[in-house]
Amino acid sequence: MINKWWYIIGETKLWYSLVILLMTACGTTKPIHYQTKGKIYPADQAKLTHTIVLFEYGGVANADRYLVEIKAADCEDWKNCPLITAESTSLTVEILEGLDFGNSYNWRVQAINKEQLIATSPVYHFEISYEEKIDTALFRHRIVQHQQAADDLGGYVFVDDIGVLVNMKGEPVYCLPNQGARHGYECLQMLPNGQISYLTGDLVTVDINRDTILFKKGAFKLADGENLAFHHSLIPMPSGNYLSLGSKKVCTQVAKGNFLYGLDKMLEQDSLYCNNYGWVIELNPQGDLVWEYGMEDYVVDLNEQAKKDNKVFTYNGHLNSVFYEAEAEAIWVSLRDFNRVVKIDRASKKVVDSYGFEVGDMPLPHHISTAFQRQHSAEIHDGHLLVYDNGTGKGADTISSIALVKLPTSVEEKPTTTWQFPTNFGTKTQSWSKAKGDVDKIDEQHFLVSMGTIPRTFIVNKEKEVIWECIHETYKQTVYNRINKRTEHLAKNAIDGEWKPFVCNYSASWISTLFPNYFTCQLLQKKGKTVFSINNEGGKENHLYWQIFLNDDLVKEGNGVIEAKKRQDIVIDDLKMGVYTVLLHSNHNSEDKKTYTFKVVEKQN
C-alpha cells in the first residue's frame, strides 16, 4: 500500500517535493521524498519574439489538470482583469491567440485536483518584442482566397524578405530582427528540431527566441583556399550535418574564334570571361566544412565537348536548390541557366544522372525532358521530381508552373509529367515569374508555392484547387511616427491603390507548428509503480533517446518513437535514494538535449 502527498517547499527555487510513505504488513519504513526542479517558460522577465507561446511549468503530485492564466502586466487584480486562460493535463499548454507584439504580460499556473486548487505558482513576467515590419499599418499580407480547407490544414508561412511568419489569416505571429539582414532574409525555414535558419549573405541558425545557434560567415575558405559565398539553402541530413549552396567566381581566358554559348556570338579577340559556379557544401553542426562538390567540374566537362567545335559556354553555372535523397545517398541540384537538374553520388562525387534541356549541341548524360526551363526548385519525392518551372519565354504569354515529373527507371525511358499546375489563375497578378519561385510539399495533397519576383504565395491541392492565396504589400507612406500613429490612421483608411507589392519570397516554407520538437519528463507514482514519464509535447512525431542515471551509474537507457502529445513511461522497479539524472535528446539533432534532475532523499522528521 502506498500513500502519497505533495507540497511546495520553496516557490522561488521552483522545487516541488513528493513524499512517499512505504507501509508493509510488519510496519512502516522510513518515509522518503524526491524533488524535481521544473522548467518555467517563458521565464520571468523573458523577452519573446512570437505571439504563439508554449507555456511550460513544473509538475505537482495528485494534480489532474493545470490552469494557465495570463493578464496584461499593467492590470494588477487577477480577479477583475481580463484573462487569457487555458487548461492542460500535461506540463505544457499552447496559447494561439490573444497575445500581441509590443505588449507585456504576467502569468501563473494553478494545479487542480477534482475542482480543488492544490497549488499556485509564483507570478512571472514576459514581454513580446515590437518590430515595425509586423505593423499592419506598414505591411499587410492580403488574403485573396481562403477556403475552409486552409483552416483545416492550418499552419504558418514564412515570408523571407522581411523575416516574418504569418498564419492563415495573414497575421504575423513571429519575426526576426531588422538588424543583421543586409539584403533581406533568404531561404527562411524551420528545421525539424525547431531551430530557424536563413541567409543574409552569411548562414545563420537561431532558436525560437533568436539566440544564435550557428553563424557561418560568408566568403569562407574552401579546401583549395578559394573564397565561397553562401548562395542558397540549409538542408538537414540524417547524420546531423547540413547541406548548403555557395557560389565561387571562376575566370577563364578564351581565345578568339570561339563561339560563345549564352552570349550567342563569335569571339573576335582574346578575352577574359568570368562565371559564378555553384558549390555544394556539407557542414557539421558546428559549421565546419566536411564535404564539397564544385559544379565547375561538371561545366568544364561540357566545355571540353564544346571546344571540339570551337564553342565555349558562358552560362552562369550557379545552383539554386539542393535536395538530399537519403536512401540513395545522392544530392540533387538545380542549375537554372542550364535548364537542368542533376544527381550527384555523394561517395564518388560524380554526376550520375541529369534531367532537362540540351544546351546548344551539348547532350545530357542520360535523359531529356521538356517539363521545365529556368527552374528554381527541385526535390525528389516517391520517384518524382517536384519542380518550379519559371519558363523561358518573355512577355505576357509566358506562364510559370509547378510540376511533378516521374523519373525513368532505365536509360531508355523518358521522364513524363504526371501533374502540373500553371500559375495563370486569378486576375490580380501576372502569371510569369522571371526568376526565383519555389514549391514546398506540405503533405501528399498540398503544395505551398511562392512566385519569387511576384509577391504572391498560395496553397494548391492535388485537385488543382487554390485553397489559400496571399499578396504581400507595403504601404507607400514612407514616414511613420509611432507616437501619433499617423501612418496607422492613414493605412486604416487607405484604398488598394495606396498599397504596393514588394518582392518577398526567395523560397516557400510552410510549418505546422512553432514547436515541433519539444519534450518534458516527470517522475510519477502510477498503480503502485515509480515511472519516469517522457512526454512529447511538440507538434510532430519524434524519435527520442533517453538515459537514466542514479548518481553517476547508468540505470536504464532506450529509445522509441513517441507520437505528438503522447508519452512513454519507463518503470523503475526499485527506487533508491540519490540523484537521478534523465538525459533526453531527439534524433532531429544530436545537439538538441534536455536534462532533468530528481533528488530522492530520506524524509527528515
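All chains use their own residue numbering, which begins from 1 and follows the written sequence. Per-residue local features of the predicted model are confined to residues with pLDDT of at least 70, and side-chain atom pairs are confined, for both listing and counting, to 80 or more; whole-chain, interface and lining totals are unaffected and use all residues. Excluded from the side-chain calculation are hydrogens and water; included are all heavy atoms of the structure.

Enquirer: Let's hear about the overall build of the protein chain: which residues, and what values?
Expert: Regarding its fold elements, the protein chain presents three helices and 49 strands. The 605 residues of the protein chain split such that 54% are buried. Counting only carbon and sulfur atoms, one obtains 47% of the accessible surface of the protein chain, whose full area is about 27,600 Å². Only DSSP runs of H or I reaching four residues or more are called helices, and only runs of E reaching two or more are called strands; each is numbered from the N terminus. Any residue under 20% of the maximum accessible area for its type is buried, any over 50% is exposed, and the rest in between are partly exposed; the area is computed with a 1.4 Å probe on protein chains only. All accessibility values rest on the Shrake-Rupley procedure with a 1.4 Å probe; residue burial counts only the protein chains present in the view.

Enquirer: Lay out the pairing of strand 31 (residues 340-345) in plain terms, naming residues and giving numbers.
Expert: Note: two strands are recorded as paired if DSSP finds a minimum of 2 bridges between them. Judged from the six bridges that link them, strand 30 (residues 330-335) and strand 31 form a sheet pairing that is antiparallel. By the bridge assignment for strand 31, L335 is matched with R340. The hairpin turn running from strand 30 into strand 31, its antiparallel successor, is four residues long, and N339 in that turn takes a positive phi close to 55°. Where strand 31 folds back onto strand 32 (residues 350-356) in an antiparallel hairpin, the turn is made up of four residues, including K349, whose phi is positive at roughly 55°.

Enquirer: Kindly report on unusual backbone geometry, identifying the contributing residues and their values.
Expert: Where the residue is not glycine, phi is negative for most of them; where a peptide bond is considered, it is trans in most cases. With an omega of 0°, the peptide bond between Y41 and P42 qualifies as cis. The residue P42 is located in the loop between strand 4 (32-37) and strand 5 (46-48) in this model. Within the chain, K114 stands out as a residue other than glycine whose phi angle is a positive 50°. In this structure, K114 sits in the loop between strand 10 (104-113) and strand 11 (116-120). Overall, K114 belongs to the exposed group, its relative accessible area being 71%. Positive phi, close to 65°, is recorded for K464, a residue that is not glycine.

Enquirer: Describe in detail the packing of aromatic side chains, supporting the description with residues and values.
Expert: Pairing of aromatic side chains requires ring centres within 6.5 Å, counting the rings of Phe and Tyr and the six-membered ring of Trp. Pairs whose planes differ by under 30 degrees are stacked, by over 60 edge-to-face, and all others tilted. Following the criterion strictly, the structure yields 15 aromatic pairs and no others. Each ring, one from W107 and one from Y124, has its centre 5.2 Å from the other, and the planes form 45°; the classification is tilted. Of this pair, W107 sits in strand 10 while Y124 sits in strand 12 (residues 124-128); the two residues are 17 residues apart in sequence, bridging distant segments of the chain. Side by side, W107 and Y124 carry an identical accessibility label, which is buried. Taking 5.8 Å as the distance between ring centres and 50° as the angle between the ring planes, the aromatic pair formed by F532 and Y580 counts as tilted. With F532 in strand 44 (residues 529-536) and Y580 in strand 48 (residues 578-586), this residue pair connects regions lying 48 residues apart in the sequence.

Enquirer: Run through the side chain of N536, naming residues and quoting values.
Expert: With respect to the secondary-structure elements, N536 resides in strand 44. A distance of 3.0 Å separates the side chain of N536 from the backbone oxygen of K540, its partner in a polar contact. Side-chain atoms alone can form a polar contact between residues adjacent in sequence; in general such a contact is a pair of N or O atoms within 3.5 Å, and within protein one must be able to donate a hydrogen while the other accepts it. A polar side-chain atom of N536 sits 2.9 Å from the main-chain carbonyl oxygen of I562. Residue contacts follow a heavy-atom distance rule, with two residues in contact if any of their heavy atoms lie within 4.5 Å. Apart from the residues within four sequence positions on either side, N536 is in contact with Y518, F519, E541, N542, I562, E563, A564, K565 and K566.

Enquirer: Could you give me a rundown of the nonpolar core, with the residues and numbers involved?
Expert: For the purposes of this section, nonpolar cores are sets of buried Ala, Val, Leu, Ile, Met, Phe, Trp, Tyr and Cys residues that join through side-chain atoms within 4.5 Å. By size, the foremost hydrophobic cluster in this structure holds 67 residues, and its most contacted members are I70, W107 and F126. Once you skip the residues sitting within four places of it in the chain, I70 turns out to touch F55, W78, P82, L83, I84, I95, L99, Y105, N106, W107 and F126. Grouped together as the second largest cluster of nonpolar side chains are 19 residues, I548, I572, L575 and F598 included.

Enquirer: Give me the lowdown on the environment of E115, citing residues and values where you can.
Expert: Looking at the secondary structure, you find E115 in the loop between strand 10 and strand 11. Spatially, the C-alpha atoms of E115 and A63 are 9.9 Å apart, while their sequence positions differ by 52 residues.

Enquirer: Describe in detail the sheet that holds strand 42 (residues 510-511), supporting the description with residues and values.
Expert: Read across the open sheet, the four strands follow the order 16-15-14-42; overall the sheet is antiparallel. Of all the strands in the sheet, the pair left with one neighbour each is strand 16 (172-175) and strand 42.

Enquirer: Go over the confidence of the model for the protein chain with me, naming the residues and quoting the values.
Expert: Every residue gets a pLDDT, meaning the predictor's confidence in that residue, from 0 to 100. The share of residues in the protein chain with pLDDT of 70 or more is 79%, and the mean pLDDT across the chain is 79. Of all secondary-structure elements in the protein chain, the lowest mean pLDDT belongs to strand 1 (residues 2-10), at 26, while strand 12 reaches the highest, 96. Counting interchain partners and residues more than four positions distant, the pLDDT-below-50 stretch residues 1-36 has 101 contacts. Predicted confidence is poor over residues 478-490, with pLDDT under 50, and the contacts of this stretch with residues over four places away or in other chains come to 18 contacts.

Enquirer: Hey, could you go over the sheet that holds strand 34 (residues 384-389) for me, with residue numbers and the actual values?
Expert: In space, the four strands of this open sheet follow the order 33-34-35-36, with antiparallel pairing throughout. The open sheet terminates on both sides in strands that have one partner only, identified here as strand 33 (377-381) and strand 36 (416-422). The mean inter-strand angle of the sheet, taken between neighbouring strand axes irrespective of direction, is 20°. With six bridges joining them, strand 34 and strand 35 (residues 401-406) adopt antiparallel strand pairing. The residue of strand 35 that forms the bridge with D389 is S401. Fitted lines through C-alpha atoms serve as axes, helices being fitted only where they are in contact, and the angles separating the N-to-C directions of these axes extend from 0 to 180 degrees.

Enquirer: Please provide a residue-by-residue account of the pairing of strand 39 (residues 456-461), values included.
Expert: Burial runs high along strand 39: six of the six residues are buried. Judged from the five bridges that link them, strand 38 (residues 446-450) and strand 39 form a sheet pairing that is antiparallel. Bridge pairing in strand 39 places L448 opposite I459. The loop that links strand 38 with its antiparallel partner strand 39 comprises five residues; one of these, G452, has a positive phi angle of about 70°. With five bridges connecting them, strand 39 and strand 40 (residues 466-475) associate as antiparallel partners. Bridge pairing in strand 40 links F458 to E469. From the end of strand 39 to the start of strand 40, which pair antiparallel, there are four residues, and K464 there has a positive phi angle of about 65°.

Enquirer: Run through the state of the cysteines, naming residues and quoting values.
Expert: Here, two cysteine sulfur atoms that lie within 2.5 Å of each other are counted as a disulfide. This model, assessed by the stated rule, comprises one disulfide. Bridging C75 to C81, the disulfide has an S-S length of 1.8 Å. For the disulfide bridge between C75 and C81, the dihedral angle about the S-S bond is near -100°, and by the sign convention the bridge is left-handed. Under the relative-accessibility criterion, C75 is labelled partly exposed at 24%. Owing to a relative accessible area of 6%, C81 belongs among the buried residues under this scheme.

Enquirer: Requested: an account of the pattern of salt bridges, with residues and values cited.
Expert: Whenever a carboxyl oxygen of Asp or Glu lies within 4 Å of a side-chain nitrogen of Lys or Arg, that contact is scored as a salt bridge. According to the stated counting rule, one finds 16 salt bridges in the structure shown. With its nearest N and O atoms 3.3 Å apart, the salt bridge here joins E127 to K47. Here the residue E127 occupies a position in strand 12, and K47 occupies one in strand 5, the gap between them amounting to 80 residues. On the basis of relative accessible area, K47 is assigned to the exposed category, the value being 53%. R456 is the salt-bridge partner of E469, the closest N and O atoms lying 2.8 Å from each other. Of this pair, E469 sits in strand 40 while R456 is found in strand 39, placing the two residues 13 residues apart along the sequence. Classification of E469 as buried rests on a relative accessible area of 2%. Look at R456 and you get buried, because its relative accessible area is 1%. Residues joined in a network through salt bridges with shared partners are D64, R65, E87 and E115.

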